[in-house]
Amino acid sequence: MSKIAVVYWSGTGNTEAMANAVLDGVREAGAEGTLFTASEFDASMMGEFDAIAFGCPSMGDEQLEDSEFEPMFDACRANLSGKPIALFGSYGWGGGEWMRTWEAACDADGANRVTDSVICNDAPDSEAIEACKALGKALS
């Protein structure tokens, strides 16, 4: 059975709802999933999981949340090469540039993005929830 970590930061609950949907997809696919906030996860834990879903909303000038999520993720970057990952998050304005930048950084680090990233504007609707479940299943 695959072990999947779902690691996220959420300020308003939108990305948290997406993380829970990713976890549902992992479990529906028969894998073991564990949900972590960014403050609960660190780079030393990456080897314990077969794949990781990272979720963070767009903040400020279309960037990752910089007090908890980005420092945790930056520490994990050295371990991304070859690691199956998936990315998700919500945004309130802009066009999703933060996700394209994040994807490019992961690709440059050699991460194995197993599926398209999932983004949604504000709270996830039913279509975004289903896309998050599919993301979780793809990681499994």
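This text follows the structure it describes.
As the structure is a prediction and not an experimental result, all values here were calculated from the model.

Turning our attention to the nonpolar core. Most often, soluble globular proteins keep nonpolar side chains buried together rather than apart. With 27 residues, the main nonpolar core has Phe41, Phe54, Phe69, Met72 and Trp102 as its most contacted residues. Grouped together as the second largest cluster of nonpolar side chains are 20 residues, Ala51, Ala53, Ala86 and Cys132 included.

Turning to helix H1 (residues 14-28), a few remarks are in order. An α-helical turn contains 3.6 residues, so any two residues separated by three or four positions project in the same direction. Relative to the 21 Å expected for 15 residues at 1.5 Å per residue, H1 spans 21 Å between its end C-alpha atoms, a close match to the ideal helical length. The set of residues buried in H1 consists of Asn14, Thr15, Met18, Ala19, Ala21, Val22, Leu23, Gly25 and Val26. Structurally, H1 contributes buried residues whose contacts are with strand E1 (3-8), strand E2 (32-37), strand E3 (51-55), strand E4 (84-91), strand E6 (118-121) and helix H4 (126-139). Two residues or fewer after H1 comes Gly30, characterised by a positive phi angle close to 90°.

Moving on, we come to the side chain of Glu103. In this structure, Glu103 sits in helix H3 (residues 97-108). For Glu103, a relative accessible area of 18% corresponds to the buried category. Excluding anything up to four places from it in sequence, Glu103 contacts Leu87, Arg113 and Ser117.

Thresholds applied
Residues numbered from 1 in each chain as written. Predicted model: local features only at pLDDT ≥ 70, side-chain atom pairs only at ≥ 80, totals over all residues. Heavy atoms only, no water. Core = buried A, V, L, I, M, F, W, Y, C linked by side-chain atoms within 4.5 Å. Buried < 20%, exposed > 50% of the residue type's maximum accessible area, 1.4 Å probe, protein only. Helix = DSSP H or I, 4+ residues; strand = E, 2+ residues; numbered from the N terminus. Expected span 1.5 Å × (residues − 1). Contact = heavy atoms within 4.5 Å.

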